[in-house]
Amino acid sequence: MANRAYNFNAGPAALPLEVLQRAQEKFVEFENSGMSLMEMSHRGAIYEKVHFEAEALLRELLSIPDGYKVLFIQGGASTQFAMIPMNLLRSGTKAAYVATGSWATKAIKEAKLFGETSIAASSEAAAYKHIPSISELKYDSDAAYVHVTSNETIEGTQWAEFPDTGSVPLIADMSSDILCRPIDVSKFAVIYAGAQKNLGPSGVTIVIIREDLINKPTTPVPTMLRYDTHADADSLYNTPPTFAIYMMSEVLKWIKENGGAAGMEARNREKANLLYEAIDNSNGFYRGFAEIGSRSLMNVTFTLANEELEKKFVKESEAQGFVGLKGHRSVGGLRASIYNAVPIESVSALVSFMGDFQSRNS
Ligand code: PMP
């Protein structure tokens, strides 16, 4: 396919071409059923196979230990911002949040609707250019949980390692970096992620939750917003987003074929290094937004000398087939999102465009 854009969208984002082509082959008729997957019952054997295969692949690729449920829920990661406190923040306790940027802030705002929160650490005073160090975190020993955002999609920062919170459950929003590298799931009580960056199209959110945390909530919670509802029904309580889950299963197969989480990390480091080197070797023409120790493997954020030059960069890059390089409206600047499926060729092309743009504008 000759016309594929250099896609640096922040989400929904690039999917592997092989996955799109495989899905295309099965789009009209799925497995000799006389219909598309989208036209069949979610209670039938064909869909059930897809559903449980997606779960099994996630378990395998993330090495999820026994004692965790893997749930497929709708409503995006934004709905998890509410479901977490609705289900896990009991009265009399506080939930501790690490304020690392735009997405952590949204999670905190939502949690405040349901109970008491505290800030375990914050990098707000530093414009969220870094992730607070683990030794800075402060929270009650009986906190309901500690919530972190493993990758701040807008600022382009990422936790390099995670705190050991002992008996306090650690919860992570991994929407923009799930499966970008191996992680030790046993450190976490809950991991959640919208699929539309590293796992597939939008429409499904995965929640990996330790079984002892799945209890009947102590306050009235709508049935669809309770973890026990989805856990008891294997995420088939109501109609799941069948096609999104199918696409996710194909993306997971692709991740497996490409070396699993470790393979993704190697790919992602190579891509991120290329871009950060281009920024660092530009004599200040390109300036990285995130501090070096907190730089994200997924979202590379940078600025130019002024907004006018940034606009010119975006315009000229678009004319050359680059998509999605404008920074988020809340922080400005530029951002290249280089999720798992973004090929190294796109990154090399961007690095060469950056060099060219610099030589024409300095
Ligand atoms: N958390 C993070 C880190 C995100 O990047 C996003 C989406 N960009 C969200 C939460 C919200 O996800 P959704 O749109 O699926 O609700």
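These numbers come from a predicted model, not from an experiment.

With respect to the sheet that holds strand β4 (residues 116-122)
Thinking step 1. Spatial strand order, β2-β10-β9-β8-β5-β3-β4: seven strands in an open sheet with mixed pairing. Of all strands in the sheet, those with a lone pairing partner are β2 (68-73) and β4, marking the two edges. Here the strands of the sheet are splayed against their neighbours by 20° on average, with no regard to which way each runs.
Thinking step 2. Two strands pair when backbone bridges link them, and strand β8 (residues 170-173) and strand β9 (residues 190-194) are joined in this way by three bridges, in the parallel orientation.

Some points on the UniProt feature "domain: Aminotransferase class V" (unreviewed entry) in the protein
Thinking step 1. Using the residue numbers shown here, the UniProt feature "domain: Aminotransferase class V" (unreviewed entry) corresponds to residues 6-350.
Thinking step 2. For residues 6-350, the end-to-end C-alpha separation is 8 Å, with 32% helix and 17% strand making up the annotated structure.

Notes on helix α7 (residues 260-280)
Thinking step 1. Taking 1.5 Å as the rise per residue, α7 with 21 residues should run 30 Å; its terminal C-alpha atoms sit 30 Å apart, in good agreement.
Thinking step 2. If you check which residues of α7 are buried, you get Met264, Arg267, Asn268, Lys271, Ala272, Leu275, Ala278 and Ile279. For α7, the arc enclosing every buried residue in end-on projection is 120°, short of the 170-degree limit, so these residues lie on one face. Opposite its buried face, α7 presents the exposed residues Ala262, Ala266, Glu270, Asn273 and Glu277, each directed more than 90 degrees away.
Thinking step 3. Buried residues along α7 sit in contact with α6 (242-257), β11 (287-288), β12 (299-303), β14 (334-337) and α9 (344-361).

Let's talk about the sheet that holds β14
Thinking step 1. In spatial order, the strands read β11-β12-β14; together these three strands make up an open sheet with antiparallel pairing. Looking at which strands have only one partner, the edges of the open sheet turn out to be β11 and β14.
Thinking step 2. In terms of strand pairing, β12 meets β14 through four bridges, oriented antiparallel. Bridge pairing in β14 places asparagine 299 opposite serine 337.
Thinking step 3. Strands in contact with α7 are β11, β12 and β14; relative to β12, the strand with the most contacts, it is inclined by about 10°.

Some details on the UniProt feature "binding site: pyridoxal 5'-phosphate" (unreviewed entry) in the protein
Thinking step 1. The sites that carry the UniProt feature "binding site: pyridoxal 5'-phosphate" (unreviewed entry) are, in the present numbering, Ala77, Ser78, Trp103, Thr153, Asp173, Gln196, Asn238 and Thr239. A maximum C-alpha distance of 30.6 Å shows the annotated residues, which cover 163 residues in sequence, to be distributed over more than one spot.
Thinking step 2. What makes alanine 77 buried here is the crowd of 24 C-beta atoms within 10 Å.
Thinking step 3. Ignoring any residue separated from it by four or fewer positions in sequence, one finds alanine 77 in contact with Asp173, Ser175, Tyr192, Ala193, Gly194 and Thr205.
Thinking step 4. Mapped onto the elements of the fold, glutamine 196 is located in the loop between β9 and β10 (205-210).

What counts as what
- Residues numbered from 1 in each chain as written.
- Predicted model: local features only at pLDDT ≥ 70, side-chain atom pairs only at ≥ 80, totals over all residues.
- Pairing = 2+ DSSP bridges.
- Helix = DSSP H or I, 4+ residues; strand = E, 2+ residues; numbered from the N terminus.
- Axes fitted to C-alpha atoms, helices over the stretch in contact; angles between N-to-C directions.
- UniProt positions renumbered as here; feature names shortened; annotations may be inferred.
- Expected span 1.5 Å × (residues − 1).
- Buried ≥ 20, exposed ≤ 12 C-beta atoms within 10 Å, placed from the backbone.
- Arc of directions from axis to C-beta.
- Contact = placed C-beta atoms within 7 Å.

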